[in-house]
Amino acid sequence: MENSDKLVAELIKLPTETEWLEFKDSNYDPEMIGQDISALANSAVLSDRDHAYMIWGVNDTTHEIIGTDYNQYSKLNKNQEIESWLRNLLSKNADFEFQQAEIDTHKIIILVINKALCQTVTFKKTDYIRVGSYTKKLNEYPSLQARLWDRLCSTHFECPFAKKDLQENKVLNYLDFPVYFNLQEKPLPASQKTVFHYMLEDCILVRQDNGLYAITNLGAILLAKHLSDFPTIARKAIRVVLYQDDTRLKILKENDGNKGYAAGFEGLIQFLEALLPSEENIEDGLRKTKTTYPMIAVREIIANALMHQDFSIAGTGPLVEIFKSRIEITNPGIPLIDIMRIIDNPPKSRNEKLAALMRRLKMCEELGSGWDRIVTSCESYQLQAPKINLYEENTKVIIYSKIPYTNMQQDDRIWSCYLHACIKQVAGDGLTNSSLRKRFGLPDTASAAISRLIKDAVSQKLIKPFDPDTAPRYMKYVPFWA
C-alpha cells in the first residue's frame with residue numbers, strides 16, 4: 001500500500017525492537033500473532049504511540065531487509081482465513097490492518113495495529129503486554145496493568161487521526177491555520193516550519209512513524225476549512241435551524257456548518273445575530289440595536305455545547321434551534337458536573353485539550369466563569385434563567401425571550417431565584433427581596449409576591465437564610481450548598 005515502504009524505512013532505523021515494534025522473519029503462528037496484537041496494542045498506550053507494528057521480512061537483530069513468503073490472505077487456520085480467525089478471537093476494540101510493501105525486490109508484510117482504546121485489547125479473553133521484546137500476560141505485571149488502565153481511562157477524542165499520511169506541502173491545504181494565530185493575537189509566522197512547530201506542540205498535527213504528517217481530531221474539529229474533508233468527524237458540524245413559530249412544523253432557514261469550530265465561530269455568531277429579533281433604541285443621542293437575547297449568553301452556551309459534547313456518541317452533533325420565543329441549544333452527552341452546582345464548581349470537561357485550546361483561542365471564558373456570564377447577562381435583560389434539560393444522551397439549554405413575571409411558570413421563577421442566589425453567593429453577597437425584585441424588573445409593590453417566591457424556594461431547599469435570626473426586612477439568602 002502507499003507509503004508502507006516509507007514506514008518500513010523509518011522503523012528499521014531504530015536500534016532495537018521496542019514495546020510497540022516487532023520484526024519477524026518466518027514465524028507465522030496464528031496464536032503468536034493474536035497474542036502479539038493484544039500485547040502491542042496495549043503497549044502502544046503505555047508508550048504514547050498511536051500505532052504498533054509487526055513486520056515480516058526484516059531480521060530482528062540486524063534489521064536487514066530479507067523478505068518473506070507470508071501471505072495472510074491465503075493462509076488458513078482451522079479452515080478459516082487468518083484475518084477472520086484473528087478478529088473472531090480478539091476483543092471488539094482490536095483494530096489492525098495488513099499492508100504489503102516491496103523494498104529492493106523483497107516482499108514485506110506490515111501489520112499495523114491501532115493502540116487500545118477505552119479498554120485493553122484481549123486475545124481469547126486474555127490481555128497481553130510487551131515486556132521489552134517479549135509478550136507476557138498482563139495480569140503477571142500488576143504495576144503495568146495499573147498504569148495501562150490509568151492511561152485507558154484518560155483516553156480522549158482529540159488525539160486520534162482525522163486524516164493521515166499527508167506530505168508536508170499538503171497539510172495546510174486542509175486547515176485554516178491563520179485563524180489559529182489570529183485568535184491568539186499572534187503574528188502569522190513567516191515560515192511554514194514555524195507554523196508546523198506551533199501546531200505540532202498543540203497536537204493539531206502529529207509526525208507519523210513513516211515521516212509523513214497526520215491531522216488530529218483536535219486540529220480538524222477546530223481548524224478545518226471543510227469538515228467534509230474529514231469523514232470521521234464531519235457529522236460533528238454545528239447545525240442551525242430557524243422555525244416560523246414556536247413549533248417545528250415549518251422551517252424558514254437551515255444551515256449546516258462546514259468549517260472547524262474555531263475557523264467558523266465568529267461567522268456563526270454573526271449569522272445567529274442576524275437571525276434573532278432585535279429593536280433599535282436611542283441612547284445618549286445614538287441609535288443602538290439590541291437583540292432580544294443577550295449575545296454574551298448565546299455565545300457562551302454555544303461554546304459550552306461545542307466544548308463539552310460527547311464525541312463518542314456517533315451520528316449527531318451540536319444543534320441550535322431558533323423559535324419565535326426561545327432558542328434551544330443541544331449537544332450530545334451530559335455534563336460531568338451536577339447542574340445544581342454549575343455556577344460555583346470548577347470547570348470539568350471530557351475534552352480537556354479541546355477546552356484548553358478553545359479558551360486560548362478566546363472562544364469561551366477562562367476559569368469556569370461562563371455560566372456566571374450567562375446568568376448575569378440574562379438577568380440584565382430581565383429574562384428568566386436559562387433552563388438545562390438532561391436526556392439520556394443529550395443536554396439541552398433553553399433561553400427564553402422576555403415575558404412578564406406574572407406569565408412565568410412557578411418552576412421557572414424558582415429556578416431563576418436559585419441561580420440568582422448562586423450568582424450573589426459567588427460575588428460574596430446574598431439574595432434579598434430587593435435584589436430579586438430588581439432581577440425581575442418589578443416595582444416595590446411586588447414585595448409580597450417576591451416574598452412568597454423566596455418562601456417556596458426555601459421550602460424546596462434550594463436556598464436558605466444566611467442568618468435565620470436576622471429581622472425579616474434585612475434577611476439575606478444563600479444557595480443550599482453555601
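Just above, that's the structure.
Residues numbered from 1 in each chain as written. Predicted model: local features only at pLDDT ≥ 70, side-chain atom pairs only at ≥ 80, totals over all residues. Heavy atoms only, no water.

A. How the structure looks around the overall build of the protein chain. Helix and strand counts for the protein chain stand at 15 helices and 22 strands. When the backbone C-alpha atoms are referred to their principal axes, the protein chain occupies close to 95 × 50 × 45 Å. When contacts within the protein chain are restricted to residue pairs at least 6 apart in sequence, those whose partners lie at least 24 apart make up 65%. Surface exposure of the protein chain reaches about 23700 Å², of which carbon and sulfur atoms provide 49%. Here the protein chain carries 59 positive and 63 negative side-chain charges, and the mean point of each set is 6 Å from the other. (Helix = DSSP H or I, 4+ residues; strand = E, 2+ residues; numbered from the N terminus. Contact = heavy atoms within 4.5 Å. Areas by Shrake-Rupley, 256 points an atom, 1.4 Å probe, with all protein chains shown as cover. Lys, Arg positive; Asp, Glu negative; His and termini not counted. Charge placed at Lys NZ, Arg CZ, Asp CG, Glu CD.)

B. Structural detail: helix H2 (residues 30–46). The first and last C-alpha atoms of H2 sit 25 Å apart over 17 residues, in line with the 24 Å expected at 1.5 Å per residue. Along H2, 15 of the 17 residues are buried, which leaves the element largely enclosed by surrounding structure. Just downstream of H2, Asp48 is the residue with a positive phi angle, here 55°. (Expected span 1.5 Å × (residues − 1). Buried < 20%, exposed > 50% of the residue type's maximum accessible area, 1.4 Å probe, protein only.)

C. Spotlight on the pattern of salt bridges. Under the counting rule described, the total for this entry stands at 25 salt bridges. Taking the shortest distance from any N to any O, the salt bridge between Arg248 and Glu321 comes out at 2.9 Å. Linking Arg248 in the loop between strand E13 (239–243) and strand E14 (251–256) with Glu321 in strand E17 (residues 319–322), this pair joins segments that are 73 residues apart in sequence. Judged by relative accessible area, which is 5%, Glu321 ranks as buried. Its salt-bridge partner being Arg326, residue Glu328 comes within 2.7 Å of it at the nearest N-O pair. Per residue, the accessibility class of Glu328 equals that of Arg326, and both read buried. Each of Asp246, Arg248, Glu321, Arg326, Glu328 and Lys396 takes part in one network of salt bridges that share partners. (Salt bridge = Lys/Arg side-chain N within 4 Å of Asp/Glu carboxyl O.)

D. Looking closely at the sheet that holds strand E18 (residues 326–332). Overall, mixed pairing links the six strands, which are arranged E14-E13-E17-E18-E20-E19 in an open sheet. Across the chains shown, the open sheet's two edge strands, defined by having one partner strand only, are E14 and strand E19 (387–390). Neighbour-to-neighbour, the strand axes of this sheet turn through a mean angle of 15°, independent of strand direction. Where E19 lies against strand E20 (residues 394–400), four bridges are found, and the strand directions are antiparallel. In the sheet register, Lys387 faces E20, and the bridge partner there is Ile398. Packing against the sheet, helix H9 (residues 261–275) makes contact with E13, E14 and E17, and its axis sits at approximately 5° to E13. Taken strand by strand, helix H10 (residues 295–308) contacts E17, E18 and E20, and its axis lies near 15° from that of E18. (Pairing = 2+ DSSP bridges. Axes fitted to C-alpha atoms, helices over the stretch in contact; angles between N-to-C directions.)

E. Layout of the sheet that holds strand E2 (residues 51–56). Pairing in this open sheet of four strands is mixed, and the strands run E1-E2-E6-E5 from one edge to the other. One side of each edge strand has no neighbouring strand; the edge strands of this open sheet are strand E1 (21–24) and strand E5 (96–103). The sheet shows a mean angle of 20° between the axes of neighbouring strands, direction not considered. Relative to strand E6 (residues 106–114), E2 runs antiparallel, the two sharing six bridges. If you follow Ile55 over to E6, its bridge partner there is Ile110.

F. Fine view of the nonpolar core. Counting 95 residues, the largest nonpolar core has Met199, Ile221, Leu222, Leu223, Ile302, Val320 and Met358 as its most contacted members. The leading source of residues in this core is H10, at nine residues. With near-sequence residues (within four places) excluded, Val320 lies in contact with Ile238, Arg239, Val240, Val241, Leu272, Ile302, Ile327, Glu328 and Ile329. (Core = buried A, V, L, I, M, F, W, Y, C linked by side-chain atoms within 4.5 Å.)

G. Spotlight on the environment of Thr376. Within the secondary structure, Thr376 sits in helix H12 (residues 370–380). For Thr376, a relative accessible area of 40% gives the class partly exposed. When the C-alpha positions of Thr376 and Ile423 are compared, they lie 7.5 Å apart, and in sequence the two are 47 residues distant. Here Asp372 takes part through its backbone oxygen, which lies 2.7 Å from a polar atom of the side chain of Thr376. (Polar contact = N/O pair within 3.5 Å; in protein donor to acceptor, adjacent residues only side chain to side chain.)

H. Quick peek at the packing of aromatic side chains. Taken as a whole and assessed by the stated rule, the structure comprises 13 aromatic pairs. Summarising the aromatic geometry, the rings of Tyr243 and Phe323 are spaced 4.7 Å apart at their centres and angled 15° between planes, so their arrangement reads as stacked. One end of the pair, Tyr243, is in strand E13; the other, Phe323, is in the loop between E17 and E18, with 80 residues separating them in the sequence. With a relative accessible area of 3%, Phe323 lands in the buried category. Plain terms: the ring middles of Tyr418 and Phe480 are 5.9 Å apart, the flat faces sit at 20° to each other, and that makes the pair stacked. Placement of the pair is Tyr418 in helix H13 (residues 410–426) and Phe480 in the segment after strand E22 (477–479), with a sequence separation of 62 residues. Looking at Tyr418, the relative accessible area reads 0%, which means it is buried. The structure contains a cluster of three or more aromatic residues connected by ring pairs, namely Trp56, Phe96 and Phe98. Lying over the aromatic face of Phe230, Lys163 brings its terminal NZ or CZ to 5.8 Å of the ring centre. Lying over the aromatic face of Phe323, Arg326 brings its terminal NZ or CZ to 3.7 Å of the ring centre. (Phe/Tyr/Trp six-rings, centres within 6.5 Å; stacked < 30°, edge-to-face > 60°. Lys NZ or Arg CZ within 6 Å of the ring centre and 35° of its normal.)

I. Looking closely at the state of the cysteines. What the rule picks out here adds up to zero disulfides. For the unlinked cysteine Cys159, the closest cysteine sulfur is that of Cys203, found at 6.0 Å. (Disulfide = S-S within 2.5 Å.)

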